[in-house]
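What the coordinates show
What follows is the residue order along each chain.
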Amino acid sequence: MKKLLNTLYVTTSGMYLRLEGECIAVEHEQKLVSRIPVHSLSGVVCIGNIMCSPHLLGYCAEKGVKVSFLTESGKFLARVEGAVSGNVMLRMNQMQTASDSKKSLSIAKNFIISKILNTRTVIQRRLRDHGDDEACRTAVSYLAQMVRRIPDTDNFDSLRGIEGECARLYFSVFNKLILSNHEIFDISTRNRRPPQDPTNSMLSFLYTLLAHECEGALESVGLDPQIGFFHALRPGRPSLALDLMEEFRAVTADRLTLSLINRNQISRKDFVVSASGAVSFKADARKMIIQAWQKRKKEVIIHPFLNEKIEIGLLFYVQALLLSRCLRGDIDAYPPYLLK
């Protein structure tokens, strides 16, 4: 499982990655910068103008190491990966479940229950650590009411309606969770494609990294990331990875964004605004955020279902494994991750 923690992020434009023996040789301006064994990696993420040799791409595909390409703002462009592998019987169970609206709705409910409860916990921590706030108290109470409605929901439209309403409520009090530099980091709403402010820019970037982790975790246990239960199926869309990451958005990306802002680790000078109004990071800020993301993945928590200590970076794998056991019928229902 440890290999899932090792993702190589290449962020300096102009770098060239080539195969050297069984290692990735990273060069910049024709000088060797680093050499990393391919077998120690689960994925490579190239951000910006990064070049890779065909031999390296082929070797990574052969060894099951995905190579993803993102724009400098974090928008996903493409991914190079090898032939589909894993348990075909598990994928058949997955497809049968996705085709059964009752079974897929049952799993989708647990994804959304976890998402709502985890956002509620983040708000509760703000109340606990920084004093009472009426808007936050109201949001905590309303989110609890909405969760209680989910078990009786009998169709996807209603479930998506509840999820959307709770997401709007959560982001309506998101500014209350920001404790410094309000004039820079306060947001009016969640926006993307492209993000229009620094906070949404950080959230979008971290959500992209989270989606990469979830997709890799699902593939590692033999599931097809494109066959989901909550998000609609579309060609090329990793619907199941998007399903799985719902329960981790607040736990990982949102909390890290808030930590960077509240600890004054990021400021206005770390962002640039394009002519279209899109906000993105400068190169040094992007590196710092990736380093903070990697550090957060190494933090140890106690998994509420397994009651074992694990690193946050392994949560995605553990939940993918529990989902696969649910689809095989080894456990009665999928137990989502709930932040304590």
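Remember, predicted model here, so these are calculated numbers, not experimental data. (Residues numbered from 1 in each chain as written. Predicted model: local features only at pLDDT ≥ 70, side-chain atom pairs only at ≥ 80, totals over all residues. Heavy atoms only, no water.)

1. Digging into the overall build of the protein
Basically, it comes down to this: By the criteria applied, helices consist of DSSP H or I runs no shorter than four residues and strands consist of E runs no shorter than two, each listed in order from the N terminus. Atoms counted for the radius of gyration: C-alpha only. Globule rule: 2.2 Å times the number of residues to the power 0.38. Each residue gets one of three labels from its accessible area relative to the maximum for its type: buried under 20%, exposed over 50%, partly exposed in between, using a 1.4 Å probe on protein chains only. Only heavy atoms matter for contacts: two residues are in contact if any of them lie within 4.5 Å across the pair. Residue exposure ignores everything except the shown protein chains as possible cover, and the areas themselves are Shrake-Rupley values with a 1.4 Å probe. When charges are tallied, Lys and Arg are placed among the positive residues and Asp and Glu among the negative ones, while His and the ends of the chain are skipped. Every charge is mapped onto a representative atom, which is NZ of Lys, CZ of Arg, CG of Asp or CD of Glu.
When helices and strands are tallied, the protein shows 12 helices and 12 strands. Against the globule reference of 20 Å for 340 residues, the protein gives a C-alpha radius of gyration of 20 Å, in line with a compact fold. Along the first, second and third principal axes, the C-alpha atoms of the protein reach 60 × 55 × 40 Å. Across the 340 residues of the protein, 54% fall into the buried class. Relative to all contacts within the protein whose residues are 6 or more apart in sequence, the contacts with residues 24 or more apart total 60%. With an accessible surface of roughly 16100 Å², the protein has 50% of that area assigned to carbon and sulfur atoms. Averaging the coordinates of the 45 positive side-chain charges in the protein and doing the same for the 35 negative ones gives two points 2 Å apart.

2. Some remarks on empty space enclosed by the protein
In this approach the atoms are scanned with a rolling probe the size of a water molecule, which exposes any empty space left behind. Just so we agree on the cut-off: For cavity detection a 1 Å grid was placed over the protein atoms alone, and a set of points counts as a cavity when a 1.4 Å probe fits there but cannot get out; an open set counts as a pocket when protein lies on both sides within 12 Å along at least five of seven lines, with lining residues being those that have an atom within 4 Å of a point. Grid points are joined across faces, edges and corners, and a volume is the space filled by probe spheres set on the points. Residues are grouped as follows: nonpolar covers Ala, Val, Leu, Ile, Met, Phe, Trp, Tyr, Cys and Pro; charged covers Asp, Glu, Lys and Arg; every other residue, Gly included, is treated as polar.
A full pass over the atoms with the stated rule returns one cavity of 30 Å³ or more. There is about 50 Å³ of room inside the largest cavity. Forming the boundary of the largest cavity are Lys115, Ile116, Thr119, Glu163, Cys166, Ala167 and Tyr170. Among the secondary structure elements, those contributing two or more residues to the lining of the largest cavity are helix 3 (101-130) and helix 5 (156-172). When residues of the lining of the largest cavity are assigned to their parent elements, the largest contribution, four residues, is made by helix 5. The residue inventory of the lining of the largest cavity, partitioned by class, reads four nonpolar, one polar and two charged.

3. Overview of the pattern of salt bridges
Selection criterion: Any Lys or Arg side-chain nitrogen located within 4 Å of an Asp or Glu carboxyl oxygen qualifies as a salt bridge.
In the structure shown here, the tally under the stated rule is 14 salt bridges. Between Glu163 and Lys115 there is a salt bridge, with its nearest N and O atoms 2.4 Å apart. Taken together, the residues Glu163 in helix 5 and Lys115 in helix 3 connect sequence positions 48 residues apart. Classification of Lys115 by relative accessible area gives buried; the value is 13%. Salt bridges sharing common partners tie together Arg18, Glu20, Glu27 and Arg35.

4. Quick word on the layout of surface pockets
Estimates place the volume of the largest pocket at around 1600 Å³. If you list the elements that add at least two residues to the lining of the largest pocket, you get strand 7 (66-70), strand 8 (76-80), helix 3, helix 5, helix 8 (198-220), helix 9 (239-245), helix 10 (249-262) and strand 10 (279-281). Sort the elements by how many residues they give to the lining of the largest pocket and helix 5 lands first, with eight residues. When its residues are assigned to classes, the lining of the largest pocket shows 20 nonpolar, 14 polar and 15 charged.

5. Section: the sheet that holds strand 3 (residues 23-28)
To keep things clear, this is the line we draw: One requirement defines pairing of two strands: DSSP has to find at least two bridges between them. Angles shown run from 0 to 180 degrees and are taken between the N-to-C directions of axes, each axis being a line fitted to C-alpha atoms and, for helices, limited to the stretch in contact.
Read from one edge to the other, the open sheet built from four strands follows the order 4-3-2-6, with strand pairing classed as mixed. On the outer flanks of this sheet lie strand 4 (31-37) and strand 6 (51-52), each paired with one strand and no other. Where helix 1 (residues 54-62) meets the sheet, it contacts strand 2 (16-20), strand 3 and strand 6, and its direction lies at approximately 65° from that of strand 2.

6. Quick look at helix 11 (residues 283-297)
Basically, it comes down to this: To estimate the expected span of a helix, subtract one from its residue number and multiply by 1.5 Å.
Between its terminal C-alpha atoms helix 11 stretches 21 Å, which fits the 21 Å expected from 15 residues at 1.5 Å a residue. Where helix 11 is concerned, the buried positions are Ala285, Arg286, Met288, Ile289, Ile290, Ala292, Trp293, Gln294, Arg296 and Lys297. The elements touched by buried residues of helix 11 are strand 1 (7-10), strand 5 (43-47), helix 8, helix 10, strand 10 and strand 12 (309-311).

7. Examining the packing of aromatic side chains
Here is the rule: Stacked, edge-to-face and tilted are the three classes for Phe, Tyr and Trp ring pairs, Trp counted by its six-membered ring, which pair at centre distances within 6.5 Å; planes under 30 degrees apart are stacked, over 60 edge-to-face, the rest tilted.
Enumeration over the complete set of coordinates arrives at nine aromatic pairs. With a centroid separation of 5.5 Å and an interplanar angle of 35°, the aromatic rings of Phe171 and Phe174 are classed as tilted. The two residues Phe171 and Phe174 agree in class, both being buried. Grouped by ring-pair contacts, the aromatic residues Phe185, Phe205, Phe271 and Phe281 constitute a single cluster.

8. Describing the packing of helix 10 against helix 11
Our working rule: Should an angle fall under 35 degrees it is called roughly parallel, over 145 degrees roughly antiparallel, and 65 to 115 degrees roughly perpendicular, with every other angle called oblique. A clockwise turn of the near helix away from the far one marks a right-handed crossing, whereas an anticlockwise turn of less than a right angle marks a left-handed crossing.
The N-to-C vectors of helix 10 and helix 11 enclose an angle of 125°; their axes lie 11 Å apart at closest approach. As far as their axial angle goes, helix 11 and helix 10 are oblique. Crossing of helix 10 over helix 11 shows right-handed handedness. From helix 10, Thr252, Ala253, Arg255, Leu256, Ser259 and Leu260 reach across to helix 11, where they touch Met288, Ile289, Ala292, Trp293 and Arg296. Classifying every residue of the contact of helix 10 with helix 11 by side-chain character gives seven nonpolar, two polar and two charged.

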